[in-house]
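# Summary of structural features
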Amino acid sequence: MDLFIIHMPMELKPGDDPLPLDENGKLIYHNTDIRDTWKALEKCKDAGLVRSIGVSNFNHKQLELILNMPGLKYKPVCNQVECHIYLNQSKLLEFCKSKDIVLVGYSVLGSSRDEQWIDQNSPVLLEDPVLNAIAKKLNRTPAQVAMRYQLQRGVVVLAKSFTPARIQQNFQVFDFQLDAEDMKSLDGLNRNLRYVDIAIWSDHPKYPFHEEY
């Protein structure tokens, strides 16, 4: 396997239900130290089962739990987090760069409008007027500009599409550059807006999610 990651920095109640909830609709956690989980991933790497190991949805304090753990053999190669023009994760990105950890961005084009996960009143990222003005100027699609912005910041981009033409467009982001003015304009769109609601995770007693980064 190329990459094996801890999907989120907490464990839920073991069982068949992937999202176990109590009578109040709160997630039921299980008391496992994420450092023990990381040690298990290190054993997978030592056994040759995986080339690289990383994490997802970690803030900088949760990353430091692993980075500062006694006997650390391998640090995370990446941290996969929601990252887009409305949530540019600038502080977390700089922290990861300082630790030589690659920030991998998901939902870089916003997100699907799935009613189970997404607030239907949230803005549609690809309709942003600033993003569209830059795209029109460069004769590119808004999606291409949104991805190019992340690439120039040093973020690895994850983008999903089921449309062949859009999949092809998603690859056409390496033959143009955003100038400093465009990058500054896109930086200014940050509003710390999350499409993926993590409020249900925020009450974890050991690994709270309310940290900005």
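Attention here is on the structure that accompanies the text. (Residues numbered from 1 in each chain as written. Predicted model: local features only at pLDDT ≥ 70, side-chain atom pairs only at ≥ 80, totals over all residues. Heavy atoms only, no water.)

## Re the packing of aromatic side chains
Two measures describe an aromatic ring pair: the distance that separates the ring centres and the angle between the ring planes. Under the criterion given, the structure shown has zero aromatic pairs. Over the face of the ring belonging to Tyr74 we find Lys45, whose NZ or CZ atom lies 5.1 Å from the ring centre. The ring of Tyr86 is capped by Arg191, whose NZ or CZ atom sits 4.1 Å from the centre of that ring. (Phe/Tyr/Trp six-rings, centres within 6.5 Å; stacked < 30°, edge-to-face > 60°. Lys NZ or Arg CZ within 6 Å of the ring centre and 35° of its normal.)

## Regarding the pattern of salt bridges
Pairing is possible between side chains of opposite charge, provided their charged atoms come close. In this structure the tally under the stated criterion is five salt bridges. Two residues, Arg51 and Asp2, come together in a salt bridge whose shortest N-O distance is 2.5 Å. With Arg51 in the loop between helix 1 (34-46) and strand 4 (52-56) and Asp2 in the segment before strand 1 (3-6), the pair connects residues that are 49 residues apart, well separated along the chain. Residue class for Arg51 comes out exposed when judged on its relative accessible area of 58%. The exposure class of Asp2 is exposed, given its relative accessible area of 53%. (Salt bridge = Lys/Arg side-chain N within 4 Å of Asp/Glu carboxyl O. Helix = DSSP H or I, 4+ residues; strand = E, 2+ residues; numbered from the N terminus. Buried < 20%, exposed > 50% of the residue type's maximum accessible area, 1.4 Å probe, protein only.)

## Describing the sheet that holds strand 1
Within a sheet, adjacent strands bond to each other through the backbone by hydrogen bonds, running parallel or antiparallel. Pairing within the open sheet is parallel, and its five strands lie in the order 1-4-5-6-7. The sheet is open, and its two edges are formed by strand 1 and strand 7 (156-157), each paired on a single side. Where strand 4 and strand 5 (residues 78-82) come together, two bridges link them in parallel fashion. For Ser56, the partnering residue across the bridge sits in strand 5 and is Gln80. (Pairing = 2+ DSSP bridges.)

## A word on the nonpolar core
Residues Trp38, Val55, Phe58, Leu63 and Leu103 are the most contacted members of the largest nonpolar core, which totals 21 residues. Secondary-structure elements contributing two or more residues to this core are helix 1, strand 4, helix 2 (60-67) and helix 3 (90-98). If we skip the residues at most four places from it in the chain, Trp38 touches Ile6, Ile53, Gly54, Val55, Ile66, Met69, Leu72, Tyr74, Lys75 and Pro76. Formed by 19 residues, the second largest nonpolar core is a distinct cluster that contains Val108, Val173, Met183 and Leu186. (Core = buried A, V, L, I, M, F, W, Y, C linked by side-chain atoms within 4.5 Å. Contact = heavy atoms within 4.5 Å.)

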